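Structural description and commentary
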There are 2 protein chains.
Amino acid sequence: MEGLQLKKYAELLVRSGGNVQPGQLVVIGCAVDDAYFARIVQECAYDAGAKEVVMNWIDPASTRTRYLRAEDSVFDEFPQWRVDWYKHHDDRGAVYLHIDSSDPDYLAGVDSDRLRRFSKVSSIATKEHSALTMSNALRWSVCAIPSPAWAKKVFPDIPEAEAMEKLWAAIFKCARADGADAIADWQVHSGNFSERLDYLNKMNFDTLRITTGLGTDLTLGLVKNHIWAGGGDVGKDGVPFYPNIPTEELFTMPDRMRADGRVVASMPLSRQGNLIEGFEMTFKDGLVVSYKAEKNEQTLADIFTMDEGAKRLGEVALVADSSPIGKMGILFYNTLFDENASSHLALGKAYPNNMENGTEMTVEERVAAGCNDSFTHVDFMFGTPDMKVVGIAADGTETVFFENGDFI
Amino acid sequence: MEGLQLKKYAELLVRSGGNVQPGQLVVIGCAVDDAYFARIVQECAYDAGAKEVVMNWIDPASTRTRYLRAEDSVFDEFPQWRVDWYKHHDDRGAVYLHIDSSDPDYLAGVDSDRLRRFSKVSSIATKEHSALTMSNALRWSVCAIPSPAWAKKVFPDIPEAEAMEKLWAAIFKCARADGADAIADWQVHSGNFSERLDYLNKMNFDTLRITTGLGTDLTLGLVKNHIWAGGGDVGKDGVPFYPNIPTEELFTMPDRMRADGRVVASMPLSRQGNLIEGFEMTFKDGLVVSYKAEKNEQTLADIFTMDEGAKRLGEVALVADSSPIGKMGILFYNTLFDENASSHLALGKAYPNNMENGTEMTVEERVAAGCNDSFTHVDFMFGTPDMKVVGIAADGTETVFFENGDFI
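Residues numbered from 1 in each chain as written. Chains lettered and ligands numbered in written order. Predicted model: local features only at pLDDT ≥ 70, side-chain atom pairs only at ≥ 80, totals over all residues. Heavy atoms only, no water.

From N to C terminus, chain A includes 13 helices and 20 strands. Overall, the C-alpha framework of chain A stretches about 55 × 50 × 50 Å when taken along its three principal axes. Looking at chain A as a whole, 56% of its 408 residues qualify as buried. When contacts within chain A are restricted to residue pairs at least 6 apart in sequence, long-range pairs at least 24 apart make up 74% of them. (Helix = DSSP H or I, 4+ residues; strand = E, 2+ residues; numbered from the N terminus. Buried < 20%, exposed > 50% of the residue type's maximum accessible area, 1.4 Å probe, protein only. Contact = heavy atoms within 4.5 Å.)

Below, the structure written as structure tokens:
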């Protein structure tokens, strides 16, 4: 990829994504194989006035080897020094930038019990850090760049170099970073969210009824005083940022006790290296009461065993079928893209800022108000080109506001 | 470099170098650009029965950017989480393996005051870890692999790919890893040290008088009950290991109060990206009382300002001019190789195991016995093909045991 375009993309992550302010600490999470891009992001962060940029290197390949070969007991421990690492940077108000390029299959074949156990101890140990990012007390932003393994997964039938080029082009298009001035394009993009957000927040529906031709028929209660969000977000300090590059979704908080009916996924779910395909689940009083999958049903089951909250919903998101990502019709095997291609739900933890004063309340107060809590947050897609959403007000009035896969 | 030869070299580091034992924790320090080799070492460590292998990634390129662009205050702080990181792995008896490939010039042009300050806070913060490695309470081993920048520095007149190949070949030759069975070759190599070590330890010289045609004329007292060491080392738990790959030196502990005369360096010293050239220093009662350098004298001066101990000697090492590295006649710009090419001294901290019961004594007890203490340890070469060493016994008897650059 050409240097100038890479620099523009890095600037989008730093300036629009994390919105790095002068004097601020920045943490860049990146795979060792992507060091060339992390170094560009590092320079951009210093250009933006960062006090210090800390590189947090990961290596999916050696992580896989660890899962395959380390002694079994290590997956029940999360080292205290890593908790302290988060606290050190959290206390200094760091902006967390993450560059994702992972091979969707990099954990395929790894013992799912090891994954589940380590995921659980990690989630518990980093709970405070997660609470800070999910409540916008800290700003963060994630973008993606291609890796050869990921590119070959998305485009299996063409040579690697060509697949890499094609994935770069798709990412730039999805991220609206293919123009001359991505930062300006994102300002326009963000403005377009406003009208729809204003409408949904004004309507303040009590319940949504969602149906698709695939068989989804879900009656989903929303919490009282829910807030629809999307596009940009605003940190507690008032500085706007974009957690996800790209972003196309409008999302809010379902009531953890009010989901009833069936949801049929419209896209496979890539999870810990396994692709869960042809799956669906049925809810009663907010709880998953049955589920099945044509492929990797065990991986799906492992989600539900995390904790009680993993069996309830924490997010409902609407995406127009006409979004650039949806129109592209590519399965990216990567939630960052796939969740912006189609309407989706998330099992697990809700975003406190999807509820009025949510970030000021204790976990217990939020849960009492219908906000789901969990150690996990797993998005899965159910949107289709024929999807329909009816908004039902507290007085029973019904309004169809989404039809044939798009906002009316 | 061919896969099989890489694997043999990785095995040398794991089996002979660190001598990883079943159930042991292993830490691999490696540059992100060398991940391909670190992953081979990781597999070899698991083959050796490691409980867990922790990857500790560094990136000289972004470290350089940090020195150039971060806020000035960050160089006076060493984060507590990193101290805890060392303690976590030290407490669990980790073996530390390090893969070095750094461009000798990677810190060239960086503010030497920043380097000095950060080096000082790092040394103070990691003092406990250093004490554990220097006293063999923990095993560790360092080897090197080529990087394009390093290869071009050593072989500036040939294309990069050719320089890489030539440096690989030189490294394998120096490391005695160019044969069919490097681990067996190292057992033979180690045996060859024994005779000379036995002689020097039996003679128990009080003082060495070292002279070279370049002008070195140093009278150097050794501590009472000093121990000559070399080749392999033995951990406190009795497990043998090789801290350095390659290793050609026999070394012992000078008396911190008894060095008198002039030492003229025979090779440049690469330090923090600067090459100190044509330098010499004069000692009186163990202390550096004057020094000069034709190039980068300030970098030399910065060493002496670290602390009192940086102006005194912590190691004297004898290397036969006929060693494979010496015979090669290559300036590697890397202490690991250059210190094994020629006889050398080290300013700063002495190795406690170069003194009887040294590892059992407190720092104060050691210093009282003549063992130098410092936050730094800087090797520099003075050996020449005409070097002569006279050993002087406590009763004044003189024995020439090293002449024309080699052991007699």
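Still more to cover.
On to the relation of the copies chain B and chain A, then. Once chain B has been moved 0.0 Å along the axis and rotated by 180 degrees, it coincides with chain A to within an RMSD of 0.0 Å. Overall, the copies show the geometry of a two-fold rotation axis. Looking at the rotation axis and the C-alpha trace of chain B, the residue lying nearest is B:Val32, at 2.5 Å. Both copies share a contact surface, since 100% of the interface residues of chain B are interface residues in chain A too. (Least-squares fit on C-alpha atoms with pLDDT ≥ 70 in both.)

One open sheet accounts for five strands, arranged β7-β10-β15-β16-β17 (chain B); its pairing is antiparallel. Lying at the two open borders of the sheet, with one neighbouring strand each, are β7 (229-230) and β17 (377-381) of chain B. (Pairing = 2+ DSSP bridges.)

Tallying the contact residues gives 28 residues for chain B and 28 residues for chain A. Of the roughly 2,800 Å² buried between chain B and chain A on both sides combined, carbon and sulfur atoms contribute 52%. The largest contributions to the chain B side of the interface with chain A come from B:Lys51, B:Arg69 and B:Trp81, which together make up 24% of the buried area. Put simply, chain B and chain A have ten salt bridges between them. One salt bridge in this structure joins B:Glu52 and A:Arg66, with 2.9 Å as the shortest N-O distance. Seen at the junction of chain B and chain A, the total is 14 residue pairs in polar contact (both at pLDDT 80 or more). (Buried area = accessible area lost by both parts, 1.4 Å probe. Salt bridge = Lys/Arg side-chain N within 4 Å of Asp/Glu carboxyl O. Polar contact = N/O pair within 3.5 Å; in protein donor to acceptor, adjacent residues only side chain to side chain.)

Residues and elements named next belong to chain A. Enumeration over the complete set of coordinates arrives at 39 aromatic pairs over all chains. Ring plane angle 15 degrees and centroid distance 5.3 Å describe the contact between Phe205 and Phe401, whose orientation is recorded as stacked. Here Phe401 lies in strand β19 (residues 398-403) and Phe205 lies in the loop between α9 (182-203) and β5 (207-211), a separation of 196 residues in the sequence. The residues Phe205 and Phe401 share a single accessibility class, namely buried. Judged by centre distance (4.7 Å) and plane angle (25 degrees), the ring pair of Phe332 and Phe337 falls under stacked. Judged by its relative accessible area of 0%, Phe337 is buried. Sitting over the face of the ring of Phe118, Arg66 holds its NZ or CZ atom 4.7 Å from the ring centroid. (Phe/Tyr/Trp six-rings, centres within 6.5 Å; stacked < 30°, edge-to-face > 60°. Lys NZ or Arg CZ within 6 Å of the ring centre and 35° of its normal.)

Right, let's talk about helix α2 (residues 35-47) of chain A for a bit. Residue and element names in this part refer to chain A. With 13 residues, α2 should reach 18 Å at 1.5 Å per residue; the first-to-last C-alpha distance of 18 Å fits that figure. Residues of α2 that are buried: Ala35, Phe37, Ala38, Arg39, Val41, Gln42, Cys44, Ala45 and Tyr46. Positive backbone phi, approximately 100 degrees, marks Gly49, located one or two places after α2. (Expected span 1.5 Å × (residues − 1).)

Residues and elements named next belong to chain A. Taken together, five strands build an open sheet; the order of strands is β7-β10-β15-β16-β17 and the sheet is antiparallel. With one partner strand each, in any of the chains shown, β7 (229-230) and β17 (377-381) form the two edges of the open sheet. Examined bridge by bridge, strand β10 (residues 250-252) and strand β15 (residues 313-318) share three bridges and lie antiparallel to one another. Residue pairing across strands places Phe251 opposite Ala317, the latter belonging to β15. Seen against the sheet, α9 touches β7 and β10 and runs at an angle of roughly 30 degrees to β10. (Axes fitted to C-alpha atoms, helices over the stretch in contact; angles between N-to-C directions.)

Time to look at unusual backbone geometry. Residue and element names in this part refer to chain A. Following Ile245, the chain continues to Pro246 via a peptide bond in cis, the omega torsion being 5 degrees. Its place among the elements puts Pro246 in the loop between β9 (240-241) and β10. Despite not being glycine, Asn404 shows a phi value in the positive range, around 50 degrees. Structurally, Asn404 is set in the loop between β19 and β20 (406-407).

Bringing the pairing of strand β11 (residues 254-264) of chain A into the picture now. Residues and elements named next belong to chain A. Taken together, the five bridges between strand β6 (residues 217-222) and β11 define a ladder with antiparallel strand orientation. From the neighbouring strand, Leu220 faces β11, where its bridge partner is Ala259. Sheet analysis places β11 next to strand β13 (residues 274-284), joined by four bridges and oriented antiparallel. Each residue of the ladder has a partner; that of Val263, found in β13, is Met281.

A word on helix α1 (residues 3-17) of chain B. Residue and element names in this part refer to chain B. The end-to-end C-alpha distance of α1 is 20 Å, a good match for the 21 Å that 15 residues give at a rise of 1.5 Å each. Here α1 has its buried residues at Leu6, Tyr9, Ala10, Leu12, Leu13, Val14, Ser16 and Gly17. Immediately downstream of α1, the backbone of Asn19 shows phi near 50 degrees, a positive value.

Another aspect to go through is the packing of helix α1 (residues 3-17) of chain A against α9(A). Residues and elements named next belong to chain A. Interhelical geometry of α1 versus α9 gives an angle of 45 degrees and a closest axis separation of 9 Å. By the angle between their directions, the pair α1 and α9 is classed as oblique. In the packing of α1 onto α9, the handedness of the crossing is right-handed. Between α1 and α9, the contacting residues are Glu11, Leu12, Arg15 and Ser16 on the first element and Ala182, Ile183 and Trp186 on the second. Along the lines of polarity and charge, the residues of the contact of α1 with α9 split into four nonpolar, one polar and two charged. (Parallel < 35°, antiparallel > 145°, perpendicular 65-115°, else oblique. Left-handed = near helix turned anticlockwise from the far one by under 90°. Nonpolar A, V, L, I, M, F, W, Y, C, P; charged D, E, K, R; others polar.)

Interhelical geometry of helix α3 (residues 60-69) of chain A versus helix α2 (residues 35-47) of chain B gives an angle of 10 degrees and a closest axis separation of 10 Å. Here α3(A) is positioned roughly parallel relative to α2(B), judged by the angle of their axes. Where α3(A) abuts α2(B), its residues A:Ala61, A:Ser62, A:Thr65, A:Arg66 and A:Arg69 lie against B:Arg39, B:Gln42, B:Glu43, B:Tyr46 and B:Asp47. Of the residues that constitute the contact of α3(A) with α2(B), the class distribution is two nonpolar, three polar and five charged.

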